[in-house]
Amino acid sequence: MYTGRPEDLARKEAQAAEMAAEIAELMTRIDALGLGQCLPAAGRIAGPGFDIRRTTDRRWTAWSSRR
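Here goes a summary of the coordinates provided. Everything numeric here is computed off the predicted structure, so don't read it as measured data. (Residues numbered from 1 in each chain as written. Predicted model: local features only at pLDDT ≥ 70, side-chain atom pairs only at ≥ 80, totals over all residues. Heavy atoms only, no water.)

**Some details on helix 1 (residues 6-32)**
If you check helix 1, its first and last C-alpha atoms are 39 Å apart, about what 27 residues at 1.5 Å a residue would give, namely 39 Å. At the exit of helix 1 stands G34, carrying a positive phi of roughly 80 degrees. (Helix = DSSP H or I, 4+ residues; strand = E, 2+ residues; numbered from the N terminus. Expected span 1.5 Å × (residues − 1).)

Have a look at this one:
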């Protein structure tokens, strides 16, 4: 949970919303390829040929099913 100043929180929330919009646009573009949908799955996002997963160090990484 964020414990900083309210104005910093508002700025960071606005940045997060902008980034989320970019992610949504990318997922829409992936869906538009016609290979299959991007779907939420337990702790990850699964798409046609990839998974995006949370790592043990609380980062995100993309895994290709083509490896």
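Having seen the model, we can carry on.
**Considerations on the layout of surface pockets**
Roughly 160 Å³ of volume is contained in the largest pocket. For the largest pocket, the full set of lining residues is I23, L26, M27, I30, C38, I45, F50, I52 and W60. Going through the elements one at a time, helix 1 and strand 3 (50-54) are the ones with two or more residues in the lining of the largest pocket. Of all the elements, helix 1 adds the most residues to the lining of the largest pocket, at four residues. Residue classes in the lining of the largest pocket are distributed as nine nonpolar, no polar and no charged. (1 Å grid on protein atoms, 1.4 Å probe; cavity = no way out; pocket = protein on both sides within 12 Å on 5 of 7 lines; lining within 4 Å. Points joined across faces, edges and corners; volume = space filled by probe spheres on them. Nonpolar A, V, L, I, M, F, W, Y, C, P; charged D, E, K, R; others polar.)

**What to know about unusual backbone geometry**
For R58, which is not glycine, the phi torsion reads 60 degrees and is therefore positive. Tracing the chain through its elements places R58 in the loop between strand 3 and strand 4 (60-64). When its relative accessible area of 64% is taken as the criterion, R58 is described as exposed. (Buried < 20%, exposed > 50% of the residue type's maximum accessible area, 1.4 Å probe, protein only.)

**Notes on the side chain of D51**
With respect to the element layout, D51 can be found in strand 3. The exposure class assigned to D51 is buried, which follows from its relative accessible area of 13%. A distance of 2.9 Å separates polar atoms of two side chains, one belonging to D51 and the other to R44. (Polar contact = N/O pair within 3.5 Å; in protein donor to acceptor, adjacent residues only side chain to side chain.)

**Remarks on the sheet that holds strand 4**
Pairing within the open sheet is antiparallel, and its four strands lie in the order 1-2-3-4. Each edge of the open sheet is held by one strand with a lone partner, namely strand 1 (39-41) and strand 4. Looking at each pair of strands side by side, their axes are set apart by 25 degrees on average, direction ignored. Pairing between strand 3 and strand 4: five bridges, direction antiparallel. Within strand 4, the position partnered with I52 by the bridge is A62. (Pairing = 2+ DSSP bridges. Axes fitted to C-alpha atoms, helices over the stretch in contact; angles between N-to-C directions.)

**A word on the pattern of salt bridges**
Counted by the stated rule, this structure contains five salt bridges. Close ionic contact of E7 with R5 constitutes a salt bridge, the shortest N to O distance being 3.2 Å. The partner of R5 in a salt bridge is D8, with the nearest N and O atoms 3.2 Å apart. Salt bridges sharing partners connect three or more residues here, namely R5, E7, D8 and R11. (Salt bridge = Lys/Arg side-chain N within 4 Å of Asp/Glu carboxyl O.)

These figures capture arrangement, not role.
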